[in-house]
Amino acid sequence: MGNSRHTIPSPTLTLAGAVQGRKYKIDKIPGGHCLNSRLLSLGFLPGEVILVINQSGWGPLTVLVKGSKIALGRGIAHKIPVQELDYKSNG
Amino acid sequence: MVEAKNSQLIIALAGSPNSGKTSIFNNLTGAMQHVGNYPGVTVEQKTGLRKYRGYSIKVFDLPGTYSLTAYTLDEIVARNYIINEKPDVVVSIVDSSNLSRNLYLSTQLIELDVPLVFAFNMSDIFKKSGTEVNLDLLSVLLGAPIVQTVGSKGTGMSELLDKVLEVHENPQARKRVNLKYGDELENEVSKIIEILKKTQAKLSQKFNLRWLAIKLFEQDREVLKSLKVLLEEKFYTDLVKAAENSINHIKNVSRDMPETIIAESRYGFINGALKETLIEKPQNEVSASDRIDRVLINRVFGLPIFAIIMWLMFQLVFKVGDYPMNWLALGFSRLSQLLSTALPAGLLKSLLIDGIIGGVGGILVFTPKIMLLFICIALLEDSGYMARVAFIMDRVMHKIGLHGKSFIPMLIGFGCTIPAYMCTRTLESKNDRMITMHINTFMSCGGRLPIYILFAGIFFPKNAGNIIFSIYVIGIVFAVLTAKLLRATRFKGEAEPFVMELPTYRVPTVKGVLIHMWERTWLYLKKAGTIILAISIIVWILFTFPRIGNAYSEGCSEQLAVLEQSFSLGDISEKEYKDSALVIEGKIAAEKLAHSAAGKIGRFVEPVFKPLGFDWRLSLASISGMAGKEVVVSTMGTLFSLTNENKDSQSLRSAIAGQYNPLVGYNFMLFSLLYFPCIASLAVFRKEAGTKELLFQIGYTLGLAWVVSFIVFQVGRIFI
């Protein structure tokens, strides 16, 4: 589901392609002052580990960040690059 | 330093949304609250008063924000209040069960260098989680006392006030905590502070210079704006240039924006403090909230469940609300009867019965339904479901070029449009905000409800609920179409990204819901007691004066006398007599109305409304409805009460039923739905969006209402 980029061996994944119930590490917070600030104030930081709670493949998704549940629109989820953590460690 | 008794103290409550700030505010101030009048006041502010240990404490409830940047109006309002008004103590309210995220706002209060007290709220839930915290140490690390509170139960309030007084009375004991942003950034911060110190403007009296420097690195629009005013021009440009150099330098060294680094440092500070003081118990991955959400925001069931909840809400409001409404109606009609027997005939009697009871009473009758509607909305808000509605509706809203968050003001708009306009402040993008405000008109507000209840009850007694529901749905359809139109023409561009917290579900407290409901109901009642009372009197005057000439009424009286005589002589039957008498009385009333100023105005504007099927009465009611949609009903009340000798509560209904057909009745509801809600809402609209948008709003909604009603009437006429 993630947009793969051919130059990098491991495909770059965005939050939009994340799977429900797995944990991911945020790579980078997308630019644009307003969006940037909103995400930071809700606890989205580079390196932060988040859990995808609800992801149905369309429409918004929900993630757990710093103990709160945040809903993210699909558009913005596409802009947040993430890395999947070994998901056996989850729970 | 012992303060004199009866001294004033101002405290401000700051906290993120869902931190329980409102419940603390309610507990601190109780019934002594004041919601700033919407029109005319620069900022909507909730304030309350509390007497405590000889102090008269004024409590300001700041808007709930996650941060103190300048990206939403709420943030700017909260921040400007703290900077400009300099409250004696700021209470930072945090959700104890979510410290790391909630303390983010607190770090920014620390940066602002204000006297602080922490309220660790919802401490009952926190204690249940088994997590332990060393509060003494944490309070040292955060540089301010911490009080554990449970806002929903009112626990910890006096401890909180004690600490507030302690901080206020011992300013010298205050410890200043400096957040560190890493060596690279700190270097640049010192450089900027050095520059700031050189200005002639006395910045340090108003601002903390370190905070200013940080804001310059965050490229904060508001701070830049106010500096531009305060500083000499050359100095300002140099300063901005220096800040830009620093930003570029940081970007080069760390490949991150200074904003991100600052945020990371704040969270780093929080994590550091919590690491030393918190022993966390591993939590269940799946909380009760998550389990509820599996159903309520399920991709398949989410929308139908929401639809059912909405439907139930309307059933509750209309079916259950009928009983108290009928009791009130009965009460008012008894009152009229009482007055009509007690008072001598004349102008005063007419003013009281036709003008005031007919007008204001006609509005007060609907209070129970309005209260029920506001209770429902408060329940949705306080339980946490409202945020889910935004989530569920995001997909739908996306299709009309908005996102889920815009739906919340729309839902509140079902109650009252004015708070709905206020609520759009949480939207960051101006375009999104403008569209949401423009379409909010079509979210049928509580003030229009009396019109629907009256007309649907008269013309569709069997399916009144469904008919009213259809009006609401049509409103939504027009909201959608208007949003699409505006997005394609006047406010181009993409919707802002959708990011929103879904708070933990909570059982709403009775007190919280009642206060919420009462705040809004009070506005409704206040309107009934002031504007609507005034308009009712004006309407009555317009209907009563100028009075008809003596010749005409004498002529009629003579006719009546003749009639009476023939009846007493047995020339005509009782039925014939009554019918003829009614005809004559009707003629007098009609002549009176036609002669009155209102009648003339009605007839003057009638040609405009005629193609919609409205006669001069409905035209007049629509015009008076601009003052407030409730006035439509009160005007109709006065109008038909004046023409009718029989003053029981059924008379208005039967009079209207006799005058119009269901098509006109429905069309009138439609027309009332589509044009702007009321003058008060327009005042707020102008303040929030500017004169240009206001003119568009007025022109657009009036035009649309006319065109739609025209089409409905002209097409509907073919079938009837």
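Here's the deal with the sheet that holds strand E4 (residues 61-65) of chain A
Reading across from one edge, E1(A)-E6(A)-E2(A)-E3(A)-E4(A)-E5(A)-E10(B) is the order of the seven strands in this open sheet, with antiparallel pairing throughout. In the strand order of this sheet, the two ends are held by strand E1 (13-14) of chain A together with strand E10 (499-502) of chain B, each with one partner. Bridge analysis of E4 of chain A against strand E5 (residues 68-72) of chain A gives five bridges, and the strand direction is antiparallel. In the sheet register, Val65 of chain A faces E5 of chain A, and the bridge partner there is Ser68 of chain A. Running over the sheet, helix H17 (residues 385-399) of chain B touches E5 of chain A together with E10 of chain B and is turned about 140° from E10 of chain B.

Observations concerning helix H15 (residues 347-364) of chain B
Along H15 of chain B, the sharpest kink reaches roughly 40°, centred on Ile357 of chain B. All of the buried residues in H15 of chain B are Ile353, Asp354, Gly355, Ile357, Gly358, Gly359, Val360, Gly361, Gly362, Ile363 and Leu364 of chain B.

Quick look at helix H7 (residues 183-197) of chain B
Residues and elements named next belong to chain B. Look at H7: 21 Å from first C-alpha to last across 15 residues, which is about the 21 Å you get at 1.5 Å a residue. Turning to H7, its buried residues are Leu185, Glu188, Val189, Ile192 and Leu196. Taken around the axis of H7, the buried residues stretch over an arc of 105°, which confines them to a single face. Looking at H7, the residues exposed on the side facing more than 90 degrees away from the buried face are Asp183, Ser190, Glu194 and Lys197. Among the structural elements, helix H8 (203-206), helix H9 (209-217), helix H11 (233-254) and helix H12 (258-277) are those in contact with the buried residues of H7.

Re the domain arrangement of chain B
Looking at the assigned domains, one finds that chain B contains domain 1 (7-173), domain 2 (183-279) and domain 3 (302-488). In this structure, domain 2 of chain B and domain 3 of chain B have C-alpha centres spaced 47 Å apart.

Some thoughts on the interface of chain B and chain A
The partner chain A presents 31 residues to the 32 residues of chain B that form the contact. Of all the secondary structure elements, the ones that give two or more residues to the side of chain B that touches chain A are helix H3 (99-112), H12, helix H13 (288-296), H17 and E10 of chain B. A per-element tally of the side of chain B that touches chain A places H12 of chain B first, with five residues. Relative to E10 of chain B, E5 of chain A runs antiparallel, the two being bridged by four bridges. Residue Ala71 of chain A lies in a different strand from E10 of chain B, and its bridge partner there is Met500 of chain B.

Focus on unusual backbone geometry
Note the cis peptide between Phe545 of chain B and Pro546 of chain B, where omega equals -15°. The residue Pro546 of chain B is located in the loop between helix H24 (531-544) and helix H25 (550-568) in this model. The backbone of Lys66 of chain A sits at a positive phi, close to 45°, despite the residue not being glycine. With respect to the helices and strands, Lys66 of chain A occurs in the loop between E4 and E5. Given 21 C-beta atoms within 10 Å, Lys66 of chain A falls into the buried group. The phi dihedral of Asp113 of chain B falls on the positive side, at around 60°, and the residue is not glycine. As for its placement among the helices and strands, Asp113 of chain B is situated in the loop between H3 and strand E6 (116-121).

Analysis parameters
- Residues numbered from 1 in each chain as written.
- Chains lettered and ligands numbered in written order.
- Predicted model: local features only at pLDDT ≥ 70, side-chain atom pairs only at ≥ 80, totals over all residues.
- Pairing = 2+ DSSP bridges.
- Helix = DSSP H or I, 4+ residues; strand = E, 2+ residues; numbered from the N terminus.
- Contact = placed C-beta atoms within 7 Å.
- Axes fitted to C-alpha atoms, helices over the stretch in contact; angles between N-to-C directions.
- Bend = angle between axes of the 7 residues up to and from the residue.
- Buried ≥ 20, exposed ≤ 12 C-beta atoms within 10 Å, placed from the backbone.
- Expected span 1.5 Å × (residues − 1).
- Arc of directions from axis to C-beta.
- Domains from an automatic or database assignment.

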